Amino acid sequence: MEAKVLRGKELAEQVRQRLKNEVIQMKEQVPDFRPGLAILQVGDRDDSNLYISMKLKAAAEIGMNANHVKLPKTATEDEVLSNITHINEDPTVHGLIVQLPLDSINPIDVEKVTNAVAPEKDVDGLTSINAGKLARGDLGDCFIPCTPNGCLELIKQTGVKLAGSRAVVIGRSKIVGAPMRDLLVANSATVTTCHSKTADLQGEVERADILVVGAGKAEMVKGNWIKPGAIVIDCGINHIPDSTKASGKRVVGDVAYAEAKQVASYITPVPGGVGPMTVCMLMANTVEGAKRYLESSKPGKWPIHYTKLNRVEPVPSDIVISRSCSPKHIGRMAKEVGLLSDEVELYGKSKAKVLLSTLQRLKGQPDGKYVVVTGITPTPLGEGKSTTTIGLAQAIGAHLDINVFACVRQPSQGPTFGIKGGAAGGGYSQVIPMEEFNLHLTGDIHAITAANNLVAAAIDARMFHEATQSDKALYDRLVPSNKGVRTFSQVQLRRLQKLGINKTDPTLLTNEEMKCFVRLDIDPDTITWQRGIERLSTCSVLRRSLVDVIHVLLNMTQFDITVASEIMAVLALTSSLKDMRERLGKMVVASSKKGEPVTTDDLGISGALAVLMKDAIKPNLMQTLEGTPVFVHAGPFANIAHGNSSILADKIALKLVGSGGFVVTEAGFGADIGMEKFFNIKCRYSGLRPHVVVLVATIRALKMHGGGPTVTAGVPLPKEYVEENLDLLGKGCSNLRKQIENANLFGVAVVVAVNAFKTDTEAELELVCSTAKEMGAFDAVKCSHWAKGGLGAVELAKAVQRASQQESDFKFLYPLELPIVDKIRTIAQKIYGAADVELSPEAQHKVDLYTKQGFADLPICMAKTHLSLSHMPEMKGAPTGFVLPIRDIRASVGAGFLYPLVGTMSTMPGLPTRPCFYDIDLDPETEEVNGLF
């Protein structure tokens, strides 16, 4: 009786239909979800191309996403491994095949490459982990190699009872023979493995109820070897000469098919038997991988581990709390939030930089909800905006189990070594390790200091050389001859274009063109660029120092704290490396004697600045006490610059959290400063639109605004602030009302967070909450996150979540086309409550100059005190009717704003008599930093 032919094509079609239905079900369960398969190929072998084409076609028919990653023959082992790592970490890929053989001119360890595939994506079943699980019989927790799996499906089609059957497998390769043996054993068959060293191969075959052959020898197994009624599965693909074929050869298996067919009960043909099932089982494994992914993770939800707080009472110091918690390795944190390993640069165990390529990868990902934390006009002690930002993030993540990122500024060393302390948050709501956060972090501020002072040095050098050299001597030095050849650098070509000189050959410039090119002709009295230092000076403004007396320059220079540098503002407002390079080149440092702006591009230094800033542009990743992620990036001074962390950090975070997540960012100082600049400057350049404003208030600050005595840092609070006083508190709510109004001007829902202190009474807290809601807040919530961590901000988080569902009617305060003075007046009147503004002659001169130079359409960044809505720190509450004095206006053209100096506002704050640095020291035994708050 002739054997029945087991045609894999027919069975494969049945399996494919089942897989199609399963893919449809997955899509119904999770819209937009599709199983993903990646095939990695090295080289361009014709046979590999054919196999890959078949696999890609099969994947498309089932409804899967299939990606063919093709590397050239020149690919190295490291390049192959790097690509595998990238695919391993891609959540949209659930199956990865490395197409063998690897057709490279370089030596590549195939075993190393196949084992680099993540076991959960190893749909070929070739990794040692999957092979080990199969050998152990853990079939439900591994991937079975596709050819043996297809063979088993064909065997099952016969209806034979595998348990107790005698099976013989010829071949012991890890692709077919070895896994086939393990698979049959796992199904309770009695298995003999035969190979080239088997003494009596025919005798072994004659006893087999089931015969699987994968020896790679054409028609090796003869018909008379086969036990009558046996099942024969032929995995061989061989070519033998055949003059009747156009190619001169034909494909045969390892079994003499015509002979065996007369003896066996079932047999697979070659071709058309096992082959179609191999591809089909690859698809089945990929679909299974996608199922497992859906079971183990929620699409859009991070697989994040939150850290449980071990709170104690009374609440210890911030540094004690920080050290009581062991942060997750930052590499683990990066992986939890969906960052790929090649998108992260580790700086030790607790901090890392994130590459901007992340944005490109996630460009199709929807953004999460955008929340900005600001505050009422604070006391000199601060009211806890950073603490609230971190506490809110911990509540959203660790307690509501929603994807969340906090985005905060990097603090200057000034507050850390001065009197206010660091800015990592506080109590049980802080970024850890706080030492790393508050000190050097990854060196971004130092890079800005170096870049800032390089500009200052370039100005001095250029003025000196122009004063002491002829046009020709200057030209010869600026465009030197190298082996008889002169060339312009790229930045010099840009200057020529700016001058309207369309020449690229340095030898062709006329004497007049050379003069225009080499002479910046800086007017010393117009230099606006300040030197920068990364700490506070010993006085409010450093004494002016004569720069380079030897060079006969009368150029006087002043100092800014580094975080007030325009380069810091550029870092915070840039959207890409290219954009940063352009912004750095646009920075105006002075005017020429003809009144033309002189830029860093004119100085030829903008490219060097970009080089100094190439690492600083990458956001810094850290974590909170409860294990939620934090971006710490940029730290523009809130009084002088716009006081917000970087656009890049916010954008990457919004992509990482996804549509259901939240990004909580902080705006410096009160809402009249940080929030106004957040909306009118940061949101203009980012294109992002906030969903909620969280306005932080404290009982002590509101009492101060109600007429309470002066609050001084480092001095105990007067009794009015530690005892119940509802009358004083009620009067002080005028400031809260004004700041709620300010937020509502922009069309964004406001949630008031009342940051409770232990001296606050329930009556006081209730008064503020009820008053805030009467004043137009969406909600007002008492918070205790300093003492309780995220648990103390859960109600705030829920209120923010509800508010984020409101329809936003966001709008800017003013159009950019308004004249400079009108924009200043709009801010003064609508945000501060001023009657009008008054410009000094110097300020009016700057208005005229910047209008003439084409900078009138830039937004306004007011530099004023944060201790009052007015320009006078002593004016508390919500003053009205005052005239706001503008003593000067400066241009940060590269950053993209004009900043008026209001009243006596300084760009170089000072240290107190008794700074914090008296208490800060290093323990030489433990290497711990002592004395931080």
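Parameters and conventions
- Residues numbered from 1 in each chain as written.
- Predicted model: local features only at pLDDT ≥ 70, side-chain atom pairs only at ≥ 80, totals over all residues.
- Heavy atoms only, no water.
- Helix = DSSP H or I, 4+ residues; strand = E, 2+ residues; numbered from the N terminus.
- Buried < 20%, exposed > 50% of the residue type's maximum accessible area, 1.4 Å probe, protein only.
- Contact = heavy atoms within 4.5 Å.
- Areas by Shrake-Rupley, 256 points an atom, 1.4 Å probe, with all protein chains shown as cover.
- Lys, Arg positive; Asp, Glu negative; His and termini not counted.
- Charge placed at Lys NZ, Arg CZ, Asp CG, Glu CD.
- Pairing = 2+ DSSP bridges.
- Axes fitted to C-alpha atoms, helices over the stretch in contact; angles between N-to-C directions.
- Disulfide = S-S within 2.5 Å.
- Core = buried A, V, L, I, M, F, W, Y, C linked by side-chain atoms within 4.5 Å.
- 1 Å grid on protein atoms, 1.4 Å probe; cavity = no way out; pocket = protein on both sides within 12 Å on 5 of 7 lines; lining within 4 Å.
- Points joined across faces, edges and corners; volume = space filled by probe spheres on them.
- Salt bridge = Lys/Arg side-chain N within 4 Å of Asp/Glu carboxyl O.
- Parallel < 35°, antiparallel > 145°, perpendicular 65-115°, else oblique.
- Left-handed = near helix turned anticlockwise from the far one by under 90°.
- Nonpolar A, V, L, I, M, F, W, Y, C, P; charged D, E, K, R; others polar.
- Expected span 1.5 Å × (residues − 1).
- Polar contact = N/O pair within 3.5 Å; in protein donor to acceptor, adjacent residues only side chain to side chain.
- Patch = residues over 30% accessible without salt bridge, like charges linked within 9 Å, V, L, I, M, F, W, Y side chains within 5 Å.
- Phe/Tyr/Trp six-rings, centres within 6.5 Å; stacked < 30°, edge-to-face > 60°.
- Lys NZ or Arg CZ within 6 Å of the ring centre and 35° of its normal.
- pLDDT = per-residue confidence, 0-100.

### Some words on the overall build of the chain
Along the chain, the regular secondary structure elements total 33 helices and 36 strands. Each principal axis of the C-alpha atoms in the chain carries an extent, and together these give about 110 × 85 × 55 Å. Residues classed as buried in the chain amount to 56% of the 933 residues present. Long-range pairs, those at least 24 residues apart, make up 74% of the contacts in the chain between residues at least 6 apart in sequence. Of the roughly 38,300 Å² of accessible surface on the chain, 53% is carried by carbon and sulfur atoms. Considering the chain, the positive charge centre built from 103 side chains and the negative charge centre built from 102 side chains are found 3 Å apart.

### Let's talk about the sheet that holds strand β3 (residues 65-71)
Strand order in the open sheet formed by three strands is β3-β2-β4, with parallel pairing between adjacent strands. Pairing within the sheet leaves two strands with one partner each, and these edge strands are β3 and β4 (95-98). On average, each strand axis in the sheet is tilted by 15° relative to the strand beside it, whichever way the strands run. Direction of pairing for strand β2 (residues 36-42) relative to β3: parallel, over a ladder of seven bridges. Its bridge partner being in β3, V42 is matched across the sheet by L71. Contacting β2, β3 and β4, helix α2 (residues 46-62) crosses the sheet at an angle of about 170° to β2.

### With respect to the state of the cysteines
The tally for this structure, following the rule as stated, stands at zero disulfides. The thiol of C194 is not disulfide-bonded; the next cysteine sulfur, from C235, is found 14 Å away.

### Focus: the nonpolar core
If you look at the biggest cluster of nonpolar residues, it comprises 139 residues, and the most contacted ones within it are F405, M613, F631, F679, L736, V752 and L884. With nine residues, the single largest contributor to this core is helix α17 (residues 444-468). Those residues within four positions of F679 in sequence are excluded, and the remaining contacts are V372, R684, P690, V693, F746, V748, F810 and F812. In this structure, L11, I52, V274 and L294 belong to the second largest nonpolar core, which totals 52 residues.

### Some remarks on the sheet that holds strand β1 (residues 4-5)
Spatially, β1-β11-β8-β7-β5-β6 is the arrangement adopted by the six strands of the open sheet, whose pairing is parallel. Here the strands that pair on one side only, and so sit at the sheet edges, are β1 and β6 (190-194).

### With respect to unusual backbone geometry
Residue L100 is joined to P101 through a cis peptide bond whose omega torsion reads 0°. Checked against the element boundaries, P101 lands in the loop between β4 and α4 (110-116). Non-glycine residue A634 carries a positive phi angle of around 70°. Residue A634 is classed as buried on the basis of its relative accessible area, which comes to 2%. Although it is not a glycine, F669 adopts a positive phi angle of roughly 55°. For F669, the location among the structural elements is in the loop between β28 (662-666) and α26 (671-686). Residue classification places F669 among the buried positions, given a relative accessible area of 17%.

### Points about empty space enclosed by the protein
Here the structure, examined in full by the defined rule, presents five cavities of 30 Å³ or more. In this structure, the largest cavity encloses a volume near 180 Å³. Along the wall of the largest cavity there are 17 residues; nearest its centre are T528, D560, E566, S892 and Y899. Contributions of two or more residues to the lining of the largest cavity are made by α21 (566-573), β33 (883-892) and β34 (897-902). With three residues, β33 is the single largest residue contributor to the lining of the largest cavity. Estimated volume of the second largest cavity: approximately 60 Å³.

### Description of the pattern of salt bridges
Applying the stated criterion to the full structure yields 56 salt bridges. A salt bridge links K593 to D521; the nearest nitrogen and oxygen atoms lie 3.8 Å apart. With K593 in the loop between β24 (588-591) and β25 (597-599) and D521 in the loop between α20 (511-518) and β20 (531-533), this residue pair connects regions lying 72 residues apart in the sequence. When the shortest N-O distance is used, the salt bridge between R825 and D822 registers 3.0 Å.

### Some words on the packing of helix α25 (residues 647-657) against α26
What describes two packed helices is the angle between their axes and the distance between those same axes. At their nearest, the axes of α25 and α26 sit 10 Å apart, and the two run at 60° to each other. On the basis of their axis angle, the class for α25 and α26 is oblique. Helix-helix and strand crossings are classified by hand; for α25 and α26 the assignment is right-handed. Contacts from I647, D650 and K651 of α25 reach α26 at K682, Y685 and S686. Looking at side-chain class alone, the contact of α25 with α26 contains two nonpolar, one polar and three charged residues.

### Observations concerning helix α14 (residues 385-399)
Residue pairs spaced three or four apart in an α-helix point in one direction, given the helix's 3.6 residues per turn. Between its first and last C-alpha atoms α14 spans 20 Å; for 15 residues at 1.5 Å apiece the expected length is 21 Å, and the two agree. Phi turns positive one or two residues past the end of α14, at D401, with a value near 55°.

### Considerations on α21
Counting buried positions over the eight residues of α21 gives eight, a clear majority of the element. Of all the positions in α21, only E566, I567, M568, A569, V570, L571, A572 and L573 are classed as buried. Where the residues of α21 are buried, they touch α17, α22 (577-586), α25, α26, β33 and β34. If you check the start of α21, you find a side-chain oxygen 3.1 Å away from the backbone N of I567, and it comes from S565.

### Section: a nonpolar patch on the surface
A surface patch of nonpolar side chains, amounting to about 300 Å² of accessible area, comprises L50, Y51 and M54. Judged by relative accessible area, which is 40%, M54 ranks as partly exposed.

### Let's talk about the packing of aromatic side chains
Following the criterion strictly, the structure yields twelve aromatic pairs and no others. Members of the aromatic cluster, connected to one another through ring pairs, are Y370, F678, F679, F746, F810 and F812. Positioned above the aromatic ring of F143, the side-chain terminus of R292 is 4.5 Å from the ring centre. Sitting over the ring of Y832, K864 keeps its end group 4.8 Å from the ring centre.

### Some words on the side chain of T377
Mapping T377 onto the fold places it in the loop between β14 (369-375) and α14. For T377, a relative accessible area of 0% gives the class buried. Side chain to side chain, T377 and N735 meet in a polar contact 3.0 Å long. Here the side chain of T377 touches Q739 through a polar contact of 3.3 Å, side chain to side chain. Apart from residues lying up to four places away in sequence, T377 is in contact with D672, A701, M704, H705, N735, Q739, H866, L867, S868 and L869.

### Here's the deal with the confidence of the model for the chain
On average, residues of the chain score 91 in pLDDT, and 93% of them reach the 70 mark or higher. Considering only residues more than four positions removed or in separate chains, one finds that residues 536-557, a stretch of pLDDT under 50, has 46 contacts.

### Here we look at the pairing of β28
Counting buried positions along β28 gives five out of five residues, so the element sits mostly inside the fold. Pairing between β14 and β28: five bridges, direction parallel. The residue bridging Y370 from the neighbouring strand is V663, located in β28. In this sheet, β28 lies alongside strand β15 (residues 404-408) in parallel orientation, the contact comprising four bridges.

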